[in-house]
Each structure stands twice: as C-alpha cells, then as structure tokens.
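Overview (structure and organization)
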Amino acid sequence: MEISSLLRENIKNLVPYSTARSEFGETAEIYLDANENNYGTGQHRYPDPYQRRLKLVVSELKNVSVENIFVGHGSDEIIDLIIRAFCNPGKDSIICLDPSYGMYAVSAAINDVAVRTYPLDENFEFDVLELCQFFTNRDKVLFICNPNNPSGNVFKESEILSLITTFQGIVVIDEAYIDFSGQESFTGQLLAFPNLIILQTLSKSYGAASLRIGLGFMSAFLVDVLHKIKPPYNISGMTEEAAIQVLQNKNQYKRNIKRIIKGREWFSDFLLTLDFVESVYPSRANFILFKVNDAIGLYKYLLGSGVVVRDRSKIYQCQNCLRITIGTDEEMEQVKYLLRKFKSNNI
Ligand SMILES: *Cc1c(COP(=O)(O)O)cnc(C)c1O
C-alpha cells in the first residue's frame, strides 16, 4: 500500500504556510523577522512550530525517534487532522467500533465524512474476520481505542495486528488509557507498518488535561503531512514548557498510576457487592463501566449528592450503564458511602 496515494489530492499538493521561525531555524542575536513586540512581556516570542524541545523529552520517555512524533492540541486535534488529510468530504468514510470514543464520529461529521460503525458484542469485543469483511475501499481511517472507552477492555494484540495488515487505509490506535492497562504500547510496531498511527495524551495518566497535549506516533512521512496542515503555532510556549515539566516528574506519574489502579481494583470489588449493580465490566483503564437496575435514578441520586459520573445508558450495548472515573481514594470512599446509602434507601 502506497501511503501517499491515500492522501486527498489537495493535501498532496498543498503548499503550507511558512512561518518566520520555520524559515529561519537557527539562532540569531536580534530577531526582527516575525513582527513581535521586542520590548517584551516574557511571552513575546512565537513558540517553536515543531515543539522540538518537548519532542526530545517524549522521544526519550517513549523510546520513539523524534521524527516519528507529532504533538497536537490534545489528541482531539490529531484525530481531526488525520480525517482531514485522508478523507474527501462527501465521498470517503471512517470506521469506528461501537461503542467507542465519541470524538472520531464527531470529527468526521464536522468534515462531512461518513462514519461506518461496526457493532461490538455484549463483551465489547469484535470478530476479526467479520470486521475485516466489513472494510470497503471508501474507508480511509479505522479507529481502534485500546483500552476502549467507555468499556475499559483491551483487544487482543494479534487481532489488532490482523486489522493493521488487512485494512487498506490508516489504522489509528488510540492509547489514551494504555498506561493503566499493563499492556505494551503499539509504538514498538511503528517501523513495520507505514499505515499505523498511535495516539497518546497527557490528559489521563499524566494528569494534565488542562494543557491540551496529544501525542501522535507515526512514520516520518505522516508526521510531515500533519505538520503541513496543522495550525502553525498549535502549541503555546507556556504549554510546551509545562508539558516538559509534567513528563519529567516521573515519580509523581508512577505514584498516581499505582494509586489509581489500586483504586480501580478495590472499587470494582466494592461495586460487585451491591445488589442493584448487575455487572461490572473488567477495566484496564482509569474508569469503570457498570450496569445497574436504574441508571438514571442512580445518576440523579449521585448528582443530588454532589457527585457527577457519566451516564452512558443511551449508548449501544450500554443500557443502564454508568461510567465512573477512578478519583482519589478520599473521593472514592465518599462515593462508596453514598452507594451504600442508596442501597439501604432502595430496599
Ligand atoms: C480522553 C480521551 C482522549 C484525550 O483527548 P485529549 O484531546 O488528548 O484530551 C483521547 N482518546 C480517548 C479515547 C479518550 O478517552
């Protein structure tokens, strides 16, 4: 498969905007090339359009070469850029599994790109042969969220590999929750598959959702494509600096992940003891999907007690399901107390 032939014609032929800072990549004594205000505020310089300092840190941490890293304004920006690079509006389609993360379909809809959804079974799994037969040559991007949101399960590595080798387009593996899963990232497979893009984010395991930093790992060719179509200065200078600091605080990162996984395990066990809970889906992420006898009733009760969870009860295969993020131990103890009280009120 020739990746460049998958690109939209207008993207293939695009002459990108050339910023002052990308035309002059070296250092100078006096910068008079970008119409900045040199009296200064401490924030008067345009940031690096390619986030080179941040990428060096990411490269070392994730064991991926700098030329295989793209930094987005959240993963959500990268999802949008991928759809815009490969899908002709009104003609092409993407494939999403259902249920999965909602932004793939929304981004496609914004771009007038059709969404073809493949329904997962009641255990949130797919039949790999059936899914491969579902592909058509109008499908340009296949999104696999692993671990999956909102179900929390992981797919089999061998089956994901079959999808990557069979699909005649770009396969995006969204690893927003990989650090909670104990699974290896697919980044080790990057060099083998030119149609593979892996997404990670600072929003979940790194505890920095406010920064809006998404990481895309892909071939150098694909990094160049996304660089051409992104807004020139998509990451602010302050954000890049803050992201470097977050990534370098490895102790905080490890401690938090450990605590959240522990919280996930005890809270899952606790949910199983409640008689209004019908199932607790095994989670490899930092949230738990669980089925109750009356999701809306429980949702409203928790809301009335100051706790907001995610109502997923209207989503495919998620009837009467709520999704709860694993918060701090203190927060989860409070929810435990409230759920016990709900139980006794319901008898
Ligand atoms: C939360 C989440 C993201 C994160 O998106 P950002 O834009 O990086 O905050 C990406 N994918 C999935 C599946 C998520 O649940």
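Here, the structure is the one placed above.
Residues numbered from 1 in each chain as written. Predicted model: local features only at pLDDT ≥ 70, side-chain atom pairs only at ≥ 80, totals over all residues. Heavy atoms only, no water.

The subject of this paragraph is the sheet that holds strand E2 (residues 93-98). The 7 strands lie next to each other as E1-E7-E6-E5-E4-E2-E3, forming an open sheet whose pairing is mixed. In this open sheet, the two strands that pair with only one neighbour each are strand E1 (69-72) and strand E3 (114-119). This sheet shows a mean twist of 25 degrees between the axes of neighbouring strands, independent of strand direction. Sheet topology note: the strand E5 (residues 170-174)/strand E6 (residues 196-201) ladder contains 4 bridges and is parallel. The residue of E6 that forms the bridge with Val172 is Ile197. Contacting E1, E2, strand E4 (139-145), E5, E6 and strand E7 (214-217), helix H4 (residues 74-86) runs over the sheet at an angle of about 160 degrees to E6. (Pairing = 2+ DSSP bridges. Helix = DSSP H or I, 4+ residues; strand = E, 2+ residues; numbered from the N terminus. Axes fitted to C-alpha atoms, helices over the stretch in contact; angles between N-to-C directions. Contact = heavy atoms within 4.5 Å.)

The N-to-C vectors of H4 and helix H8 (residues 220-229) enclose an angle of 100 degrees; their axes lie 10 Å apart at closest approach. Relative to H8, the element H4 lies roughly perpendicular. Facing H4, whose interface residues are Ile78, Leu81, Ile82, Ala85 and Phe86, H8 presents Leu222, Val225, Leu226 and Ile229. Partitioning the contact of H4 with H8 into residue classes produces 9 nonpolar, no polar and no charged. (Parallel < 35°, antiparallel > 145°, perpendicular 65-115°, else oblique. Nonpolar A, V, L, I, M, F, W, Y, C, P; charged D, E, K, R; others polar.)

One can describe the packing of helix H3 (residues 52-62) onto helix H9 (residues 237-248) by two numbers: an axis separation of 9 Å at closest approach and a directional angle of 20 degrees. One way to sum up the angle between H3 and H9 is to call them roughly parallel. Read as a crossing pair, H3 and H9 show a hand that is left-handed. Here H3 contributes Arg52, Arg53, Leu54, Val57, Val58 and Leu61 to the contact with H9, which in turn contributes Glu240, Glu241, Ala243, Ile244, Leu247 and Gln248. Of the residues contributing to the contact of H3 with H9, the split by class is 7 nonpolar, 1 polar and 4 charged. (Left-handed = near helix turned anticlockwise from the far one by under 90°.)

As far as function goes, none of this settles anything; it's purely spatial.
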